[in-house]
Amino acid sequence: IQPYRCKNVLIEGVRIINSQMWEIHPVLCTNVTVSGVKISSRGPNNDGCDPESCTDILIENCDFDTGDDCIAIKSGRNADGRRLNAPTQNIIIRGCRMRDGHGGITVGSEISGGVRNLFAEKCRLDSPNLDHALRVKNNATRGGLLENFYFRDIEVGQVAHAVITIDFNYEEGAKGNFTPILRNYSVERLVSGKSKHVADVQGLANAPIYDLRLDNCTFNNAAKPSIVKNVKGLNLVNVKVNGNVITQLP
C-alpha cells in the first residue's frame, strides 16, 4: 500500500498476511493516519509501516508481527534522499503492539533526508524473536540529520539483543562522506523485562551521538553490559538495571 504525494490519507482497519517487501509505505505525503492495522508477515524486508519523506503522521493502535522492522521511519537513500531533501517529520506513534521483527520502532536506514520530531508512547514490544525495541540505523554513506526523538511509557517484555540500539556502523559504517547526526534522544518511563543488553549505542569517532537521556527507566534481566561508543551527553535519571540504580550504563 503506497500512497504517493498525497494529502489527508487514512489507512484504517486493514489486515495484511504474508505479503512480501514493505507493507504500508506512504511516500512524500502530508497528514497520514494509519489506525487499527494488523500485519502478520514474516520474511525478508517485511517491514510493517514505513512512512518516507512524509509530514504529520499518526500511527496508532496497530499490531505488527513481521520479518523485518515493525515500523521504520525513512527519508530516502543516499544521493536520491539528498536530492529530494525531504525529511520525515512530526510523527506520533501510540498504542501499538510489536511482536517478531528486527526492530520495533525504528529510524533508518534509508534516512538521508533526515527525521525530526518523533514521539512514541504507550506501546508494547515483546518477543524472543524481536531483536531491538527502539532502533536507529545509519552510516556515513546515508548521512542525514536526526533530532528530537521522544519515547515514554514504553513496555518491553523481552527482546533478543538490546532495548535501545543506535548504530552508526550499520552496513557501510564509517565508509562515506556524509556525516550522520543524531541529537536529542529521550526515553522516559520505559520498563523492560528481559534483554541481552540494555543499550547498544555506537556513534562514529567523527560523528558522536549527542544528548541521550534515560529518565525513570527500569531494565530487568539484562544478561550482559551495555555497549556505548562515541556518545556525548549521556544523562541517566533514576535508571535501574537488574534492581540497581545506576549513574552510567554498565
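A brief look at the structure comes next. Keep in mind the model is a prediction, meaning the values are calculated, not measured.

## Details of the environment of Ser112
Considering the arrangement of structural elements, one finds Ser112 in the loop between strand 10 (101-107) and strand 11 (115-121). On the basis of relative accessible area, Ser112 is assigned to the buried category, the value being 7%. Considered as a pair, Ser112 and Ala140 are 28 residues apart in the sequence and their alpha carbons are 9.8 Å apart. When sequence neighbours within four positions are dropped, the list of residues in contact with Ser112 reads Ser75, Gly76, Arg77, Asn78, Gly81, Arg82, Arg142, Gly143 and Gly144. A distance of 2.8 Å separates a polar side-chain atom of Ser112 from the backbone nitrogen of Asn78. There is a polar contact of 2.8 Å between the side chain of Ser112 and the backbone oxygen of Arg142.

## Digging into the sheet that holds strand 13 (residues 130-137)
Sheet strands pair via backbone hydrogen bonds, and the direction of the pair is either parallel or antiparallel. If you walk across this open sheet you meet the six strands as 7-10-13-16-19-22, and the pairing is parallel. Each edge of the open sheet carries a strand with a single partner, namely strand 7 (71-73) and strand 22 (227-229). Put simply, the sheet's adjacent strands are angled 25 degrees from each other on average, direction ignored. Across five bridges, strand 13 lies against strand 16 (residues 162-167) in parallel orientation. Paired with Leu134 across the two strands is Ile164, which belongs to strand 16.

The rules behind the values
- Residues numbered from 1 in each chain as written.
- Predicted model: local features only at pLDDT ≥ 70, side-chain atom pairs only at ≥ 80, totals over all residues.
- Heavy atoms only, no water.
- Helix = DSSP H or I, 4+ residues; strand = E, 2+ residues; numbered from the N terminus.
- Buried < 20%, exposed > 50% of the residue type's maximum accessible area, 1.4 Å probe, protein only.
- Contact = heavy atoms within 4.5 Å.
- Polar contact = N/O pair within 3.5 Å; in protein donor to acceptor, adjacent residues only side chain to side chain.
- Pairing = 2+ DSSP bridges.
- Axes fitted to C-alpha atoms, helices over the stretch in contact; angles between N-to-C directions.

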